[in-house]
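The residues making up each chain are set out below.
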Amino acid sequence: MTTHSSVSPSSAHRWFNCPGSVRLCEDAPIPPGTFAQAEGSVAHSLGEAALKGRITGQALDKLVGTTKEHDGFDIPITQEMVDCVRLYVRTVWAEAKKLLVDIKENMFVEQQFFVRGPHEAVGVSAYGTCDCALSAMFRRLVVIDYKHGRGVGVDAEDNEQGLYYAVGATEVLGTDYDEVEIVIIQPRFDPESPVKRWLIPMTQLLEWRGKLHNAIIATTKEDAPLVLGDHCRWCPAAALCPARKKEAMDLVSITVDVVENRKIVEFTPVQISELLMNQSRIDDFFTAVGELALKSAENGIVIPGFKLVEKRGHRRWVSEQAVVDAVGPAAFGEPEVKSVAVLEKEYKQAGKREEFDALFANNIEIPANGNKLVRETQGGEAQESIRAFRESLVFVD
Ligand code: SF4
């Protein structure tokens, strides 16, 4: 089966929090695939081939520098991609070895799992494809999910997608386990700590199975609510959503009102904070509207005041050799000293991390480069001088 379930594991965070989104998504145009999605699919396919023994580690290395077409994108297979896939594969092998898993019988790679339940009586099919599941001796079920993305970190704890796969796996393998482990491998987001784990007793998974059934049924109700939240970011119906539209319009009108009636210098810190907080939500909404408009225009729908034009990339040589033939050495730029990051990566890959530190630790600096304002929840030390200055002020709203 190549279609996706309307209540798929990968979108579970959205429809758990916004049951009404499932109906709305039925009317939404299928969003165009992105380069990042295609890149993730290629990395997953390499991982699958390696775990199924169809490709060796050496053969993986030989793919570096080649490209693979996926969903209309030419995806380069880089050393980074191969290293990330290798980490995924090695983590699976290590887990299987540690737990004495019979990999022929009890390792399930890219396996589609169905969740049975009351939703089937109302015509809803709940299923998804799990990257890897291990049914271990010592009565442990392990669900492993590889994430190739680097943008948003994913936690193992309370991970709806992983729990969903685990419930699906128990439909095939039974529930005779003591514990369930959810493992998320996301090397590009957090290279220092790429593997996240969460171990729960089987009883907890069985309780969660009830929540899953209820959440799926909630999406089938006529009056299923539309609930705004961080999950809107990945919602295919974001541009059509009345709740999102109303929120964006309210925010725009509040913002316009504030901007028109006050000079920026008169804004209080609280108002500045509200405006900045609102900015990303308004941006996200209009990004979704822009994507919908592009898709509509590509399908022949006229968007008044706009036209479809071809996107142009940067200019490039048709033949680099012809340039070299024409101007000789002048065709080449000056060689540059490699950056800290590039050289460090090369030493790491060669297993010479300590040698790198010994050679260069005293020759690396991180220059100050001005200040930036980030959310309090983001990393980075607050500037002492600015914090002291701020604490010395009394703000009046
Ligand atoms: S945009 Fe948000 S509120 Fe609207 S349907 Fe999607 S998830 Fe629900």
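**Things to note about the pairing of strand S5 (residues 140–146)**
Item 1. By the criterion of burial, S5 is predominantly enclosed, with six of the seven residues buried.
Item 2. Examined bridge by bridge, strand S4 (residues 126–136) and S5 share five bridges and lie antiparallel to one another. Each bridged residue has a counterpart across the sheet, and for Ala136 the counterpart in S5 is Arg140.
Item 3. Two successive antiparallel strands, S4 and S5, enclose a turn made up of three residues, where Phe138 displays a positive phi of approximately 65°.
Item 4. In terms of strand pairing, S5 meets strand S6 (residues 179–185) through seven bridges, oriented parallel. Its bridge partner lying in S6, Val142 is registered against Glu181.
Item 5. Between the parallel elements S5 and S6, the chain passes through helix H7 (residues 160–173) in a crossover that is right-handed.

**Here's the deal with the site of the ligand**
Item 1. Residues in contact with the ligand amount to 16 residues; listed here are only the nearest, Cys18, Ser21, Cys232, Cys235 and Cys241.
Item 2. For the shell around the ligand, the elements supplying multiple residues, two or more each, are helix H2 (21–27) and helix H9 (242–261).
Item 3. Considering only residue class, the shell around the ligand consists of 11 nonpolar, three polar and two charged.
Item 4. Taken domain by domain, the makeup of the shell around the ligand includes at least three residues from each of domain 1 (9–227) and domain 2 (238–298).

**Examining the domain arrangement of the protein**
Item 1. Domains assigned within the protein are domain 1 (9–227) and domain 2 (238–298).
Item 2. Relative placement of domain 1 and domain 2: their C-alpha centres are 34 Å apart.
Item 3. The residue inventory of the side of domain 1 that touches domain 2, partitioned by class, reads six nonpolar, no polar and one charged.

**Considerations on the sheet that holds strand S7 (residues 195–201)**
Item 1. The strand order across the open sheet built from five strands is S3-S4-S5-S6-S7, with neighbouring strands paired in mixed fashion. Among the strands making up the open sheet, the edge pair consists of strand S3 (107–115) and S7. Within the sheet, the average angular offset between the axes of one strand and its neighbour, ignoring direction, is 35°.
Item 2. Sheet analysis places S6 next to S7, joined by seven bridges and oriented antiparallel. Paired with Glu181 across the two strands is Leu199, which belongs to S7.
Item 3. Contacting S3, S4 and S5, helix H3 (residues 35–51) crosses the sheet at an angle of about 115° to S3.

Analysis parameters
Residues numbered from 1 in each chain as written. Predicted model: local features only at pLDDT ≥ 70, side-chain atom pairs only at ≥ 80, totals over all residues. Buried ≥ 20, exposed ≤ 12 C-beta atoms within 10 Å, placed from the backbone. Helix = DSSP H or I, 4+ residues; strand = E, 2+ residues; numbered from the N terminus. Pairing = 2+ DSSP bridges. Right-handed = clockwise from strand over helix to strand, strands pointing away. Near = placed C-beta within 6 Å. Nonpolar A, V, L, I, M, F, W, Y, C, P; charged D, E, K, R; others polar. Domains from an automatic or database assignment. Axes fitted to C-alpha atoms, helices over the stretch in contact; angles between N-to-C directions. Contact = placed C-beta atoms within 7 Å.

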